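Okay, here's what each chain looks like letter by letter:
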Amino acid sequence: VAGSARSADGEPFVLLLDGRGRPEGWVNVERAGAERFDAQMADPSSPLFTRTTRARDALSQLLASGVRTGVVVDDEGRYLGVLALEDVISLLRRDP
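Residues numbered from 1 in each chain as written. Predicted model: local features only at pLDDT ≥ 70, side-chain atom pairs only at ≥ 80, totals over all residues. Heavy atoms only, no water.

### A word on the pairing of strand β3 (residues 23-28)
- Two strands pair when backbone bridges link them, and strand β2 (residues 12-17) and β3 are joined in this way by 5 bridges, in the antiparallel orientation. Paired with Leu15 across the bridge in β3 is Trp26.
- The turn joining β2 and β3, which pair antiparallel and follow one another in sequence, is formed by 5 residues; a positive phi near 85° is taken by Gly21. (Pairing = 2+ DSSP bridges. Helix = DSSP H or I, 4+ residues; strand = E, 2+ residues; numbered from the N terminus.)

Below, the structure is given as structure tokens:
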């Protein structure tokens, strides 16, 4: 497990990683009701971004996917962090 986030209605999610550190998807902690999570519980709906993804492209992908958080990965697909919709909008307001 790597990152964490909350849904629009406040439900807690954690990001599940595989053995190589690549994101498998988000798991709703309250709904899973388990001490251990597996890939079958994960929702892979978040878009993946790299360090070179442009802010406008990230915004488009987040809006198209209907989620508020994307996952940043390295060139080998390993988890680096998360990028929230609010952060992208803030960045675009500062640097159009």
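### Observations regarding the pattern of salt bridges
- All chains considered together, the criterion is met by 5 salt bridges.
- Put simply, Arg54 and Asp57 hold a salt bridge, and the shortest N to O gap is 3.5 Å.
- The exposure class assigned to Arg54 is exposed, which follows from its relative accessible area of 55%.
- Measuring nitrogen to oxygen at the nearest pair gives 2.0 Å for the salt bridge that ties Glu86 to Arg68. Of this pair, Glu86 sits in helix α3 (residues 85-94) while Arg68 is found in the loop between α2 (55-65) and β5 (69-73), placing the two residues 18 residues apart along the sequence.
- Taking the relative accessible area as the measure of exposure, Glu86 reaches 38% and is therefore partly exposed.
- For Arg68, a relative accessible area of 43% gives the class partly exposed.
- Through salt bridges with shared partners, one network takes in Asp74, Glu76 and Arg78. (Salt bridge = Lys/Arg side-chain N within 4 Å of Asp/Glu carboxyl O. Buried < 20%, exposed > 50% of the residue type's maximum accessible area, 1.4 Å probe, protein only.)

### Some words on α2
- When α2 is considered as a whole, its buried residues turn out to be Ala55, Ala58 and Leu62. All buried residues of α2 project into a common sector of 60° when viewed along the axis, lining one side. Turned more than 90 degrees from where α2 packs its buried face, Leu63 and Ala64 sit exposed.
- The inward-facing, buried residues of α2 contact β4 (48-49), β5, β6 (79-84) and α3.
- Phi for Gly66, located one or two positions after α2, is positive at around 75°. (Arc of directions from axis to C-beta. Contact = heavy atoms within 4.5 Å.)

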